[in-house]
Each structure stands twice: as structure tokens, then as C-alpha cells.
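In case you want the letters, here they are:
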Amino acid sequence: RNVPEKEDALCEIHRVMKKENERKGISSKLCILEFSEPEGDTIMGYGAKMFIRHVVPLWGAFLSGAPKEYMHLQNSIKHFPKPNDFVSMMESLKCGKKGRGSFRVEEVKQLNFGSV
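Everything quoted here is computed from the prediction, not taken from an experiment. (Residues numbered from 1 in each chain as written. Predicted model: local features only at pLDDT ≥ 70, side-chain atom pairs only at ≥ 80, totals over all residues. Heavy atoms only, no water.)

A. A look at the nonpolar core. Counting residues in hydrophobic clusters, the biggest one holds 9 residues: L10, M17, F80, F86, M89, M90, L93, C95 and F103. Only α1 (6-24) and α4 (83-91) provide two or more residues apiece to this core. For this core, the element with the most residues is α4, which contributes 3 residues. Aside from chain neighbours lying at most four places away, what touches L10 is F86, M89, M90, L93 and F103. (Core = buried A, V, L, I, M, F, W, Y, C linked by side-chain atoms within 4.5 Å. Buried < 20%, exposed > 50% of the residue type's maximum accessible area, 1.4 Å probe, protein only. Helix = DSSP H or I, 4+ residues; strand = E, 2+ residues; numbered from the N terminus. Contact = heavy atoms within 4.5 Å.)

Shown next, in the form of C-alpha cells:
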């Protein structure tokens, strides 16, 4: 979430995973666990969104004594691509010297009412 050049970072991950795969003759899986703003108009989704936007920054600031960091957390979550947009980014990458590398996303599993 805090990497400005997400495509470059993903291509580097792809390069390292591919190199390991070729050496061992196996396939690897990449799991990304990331906070996101819940979508939809359900009561639980709305509650999770309010929790991410208000409770996490307040409690984090209170418990850590570092309010700026927890406002940054909330803002970075808000501006991170939505899960489906992030999947599209991963699958449309053109990594490597010949621009052939990309990810194949098999599953997106949202947790905690869409906040993770």
C-alpha cells in the first residue's frame, strides 16, 4: 500500500517468484493481505467502513501516541486500489525483458466484511 510504483514492485515479485519456480520446478502462490475500504451498502459493510475510517485511527493514535501514523494508515487504505482494480493491475502487467510476465489471480477472498 505504501509503495508508489506498485507495478514495479509487483514485477520484481514476479521476477523473484519465477526464478525460484524455474530452479525448483514448482509453481508458487502469492498471497496479499491488505486493508481496503468495504464496498456495498450493507449494515456490516458500513460498520466496517466506519471502523476503518474512525475507530482504527483514534485507538491507534491513543494506544501508540503516534496520531499522524494512524491518520496516514487510514488515508493510504482509502487511496489504495479497490480489490478488483488491483487484480486487473496484476493481471495486465507486462513484466520482464520481453514484457510477457504477469500474474494469474485465482481467487480474491475478502475478510472482515470487506475491510481485509
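B. Region of the structure containing a nonpolar patch on the surface. Together, F51, V55, W59, F62 and L63 line one region of the surface with nonpolar side chains, adding up to about 570 Å² of accessible area. Within the secondary structure, V55 is located in helix α2 (residues 43-64). A residue is classified by how much of its surface remains accessible, and V55, at 31% relative accessible area, is partly exposed. (Patch = residues over 30% accessible without salt bridge, like charges linked within 9 Å, V, L, I, M, F, W, Y side chains within 5 Å. Areas by Shrake-Rupley, 256 points an atom, 1.4 Å probe, with all protein chains shown as cover. Salt bridge = Lys/Arg side-chain N within 4 Å of Asp/Glu carboxyl O.)

C. Inspection of the layout of surface pockets at higher detail. Counted as a void, the largest pocket has a volume near 1,000 Å³. Around the largest pocket, the lining is made up of 32 residues, and of these L30, C31, I32, V105 and E107 lie nearest the centre. For the lining of the largest pocket, the elements supplying multiple residues, two or more each, are α1 and α4. Its residues assigned to classes, the lining of the largest pocket shows 17 nonpolar, 7 polar and 8 charged. (1 Å grid on protein atoms, 1.4 Å probe; cavity = no way out; pocket = protein on both sides within 12 Å on 5 of 7 lines; lining within 4 Å. Points joined across faces, edges and corners; volume = space filled by probe spheres on them. Nonpolar A, V, L, I, M, F, W, Y, C, P; charged D, E, K, R; others polar.)

D. Focus on the environment of N84. Mapping N84 onto the fold places it in helix α4. For N84, a relative accessible area of 55% puts it in the exposed group. It is 14 Å that separates the C-alpha atoms of N84 and L111, two residues lying 27 residues apart in sequence.

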